[in-house]
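One letter stands for each residue in the lines below.
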Amino acid sequence: MAEIKDPENTILMELKGGTVTIQLLPDLAPKHVERMKELARAGEYDNVAFHRVIEGFMAQTGDVQNGDMEDGFNIRAAGTGGSALPDLPAEFSKVPHARGSIGAARSANPNSANSQFFINFKDNDFLNGQYTVYGQVISGMEHVDAITRGEPPAQPDRMISVKVAADVA
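Notes on the structure in this doc start here. (Residues numbered from 1 in each chain as written. Predicted model: local features only at pLDDT ≥ 70, side-chain atom pairs only at ≥ 80, totals over all residues. Heavy atoms only, no water.)

We now examine the overall build of the protein chain. If you tally the helices and strands in the protein chain, you get two helices and 10 strands. Secondary structure of the protein chain in N-to-C order comes out as β-β-α-β-β-β-β-β-β-α-β-β. Radius of gyration (C-alpha) of the protein chain: 14 Å, near the 15 Å computed for a compact globule of 169 residues. Across its three principal axes, the protein chain shows a C-alpha extent of roughly 40 × 35 × 30 Å. Of all 169 residues assigned to the protein chain, the portion counted as buried reaches 50%. Counting only carbon and sulfur atoms, one obtains 50% of the accessible surface of the protein chain, whose full area is about 7700 Å². For the protein chain, the distance from the average position of its 15 positive side-chain charges to the average position of its 23 negative side-chain charges is 4 Å. (Helix = DSSP H or I, 4+ residues; strand = E, 2+ residues; numbered from the N terminus. Rg over C-alpha atoms; globule rule 2.2 N^0.38 Å. Buried < 20%, exposed > 50% of the residue type's maximum accessible area, 1.4 Å probe, protein only. Areas by Shrake-Rupley, 256 points an atom, 1.4 Å probe, with all protein chains shown as cover. Lys, Arg positive; Asp, Glu negative; His and termini not counted. Charge placed at Lys NZ, Arg CZ, Asp CG, Glu CD.)

Next up, the structure:
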């Protein structure tokens, strides 16, 4: 496991293969970082499916409304919802969409990000300046690489649990 320098701004995402450690970037995207921590602390991301996983591109998850595989899950609706919280304004930066970066998923409206996010499998420079980057995988990327592919996957993987490192004893 990676050394955690800032537990308040580090996410521990449990996947079937193990823990993915994500360093959040509050200096770049404070509203997106706060949203992820708020939803993680409320348990909203637990059991949420990876509903869109494209080989050589990214794995998308975070639909807390329609993606909870333990609560009324419907794969056809997964990816169409968000949370009960308001949408977030874009927080674009010069940080590239590099392998392992966390990007805010949104509709065509740049200010429509809510709870969904994606993890880049490779450097996706064509996304730079168009989607908010607010985190970086610092360990466990091999577990992200093992997520079942599909749009949607026939048997989707899920985030078993998502916690803020500061809250884990």
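So much for the structure itself; the text now carries on.
For strand β1 (residues 10-15), the tally of buried residues reaches five of six residues, placing the bulk of the element in the interior. Pairing between β1 and strand β2 (residues 18-24): six bridges, direction antiparallel. What sits directly across from Thr-10, in β2, is Gln-23. Between β1 and β2, which pair antiparallel one after the other, the connecting turn spans two residues. Note: β1 against strand β10 (residues 161-164), four bridges, orientation antiparallel. Across the sheet, residue Glu-14 finds its bridge partner in β10, namely Ser-161. (Pairing = 2+ DSSP bridges.)

For the coordinates displayed, the defined rule picks out three aromatic pairs. A ring pair is formed by Phe-57 and Phe-126, whose centres lie 5.7 Å apart and whose planes are at 35°; its orientation type is tilted. Residue Phe-57 is located in the loop between β4 (52-54) and β5 (58-61), and its partner Phe-126 is located in the loop between β7 (117-120) and β8 (133-139); the two are separated by 69 residues in the primary sequence. Residue classification places Phe-57 among the buried positions, given a relative accessible area of 17%. For Phe-126, a relative accessible area of 52% translates into the label exposed. (Phe/Tyr/Trp six-rings, centres within 6.5 Å; stacked < 30°, edge-to-face > 60°.)

Our focus in this paragraph is the nonpolar core. Soluble globular proteins: nonpolar side chains tend toward being buried together. Ranked by size, the top nonpolar core spans 31 residues in total, and within it Met-13, Tyr-45, Phe-117, Tyr-134 and Met-159 carry the most contacts. For this core, the secondary structure elements donating two or more residues are β1, β2, α1 (30-41), β6 (101-104), β7, β8, α2 (141-145) and β10. No other element matches α1, which puts four residues into this core. Excluding its chain neighbours within four sequence positions, the residues that come into contact with Met-13 are Gly-18, Thr-19, Val-20, Ile-22, Phe-50, Phe-117, Ile-119, Met-159, Ser-161 and Val-162. Core analysis: the next-biggest nonpolar cluster, separate from the first, contains six residues, Phe-57, Ala-105, Phe-118 and Leu-127 among them. (Core = buried A, V, L, I, M, F, W, Y, C linked by side-chain atoms within 4.5 Å. Contact = heavy atoms within 4.5 Å.)

As a further point, take empty space enclosed by the protein. Inspection of every chain in the model, using the stated rule, returns two cavities of 30 Å³ or more. Space inside the largest cavity adds up to approximately 60 Å³. As for the largest cavity, its lining consists of His-32, Arg-35, Met-36, Tyr-45, Leu-88, Ala-104, Ala-113, Asn-114, Ser-115, Gln-116 and Tyr-134. In terms of residue count, α1 provides more of the lining of the largest cavity than any other element does, three residues in total. Among the residues making up the lining of the largest cavity, the classes are represented as six nonpolar, four polar and one charged. Taken as a whole, the second largest cavity spans an internal volume of roughly 30 Å³. A per-class count over the lining of the second largest cavity returns six nonpolar, three polar and one charged. (1 Å grid on protein atoms, 1.4 Å probe; cavity = no way out; pocket = protein on both sides within 12 Å on 5 of 7 lines; lining within 4 Å. Points joined across faces, edges and corners; volume = space filled by probe spheres on them. Nonpolar A, V, L, I, M, F, W, Y, C, P; charged D, E, K, R; others polar.)

Coordinates in, geometry out; function isn't part of it.
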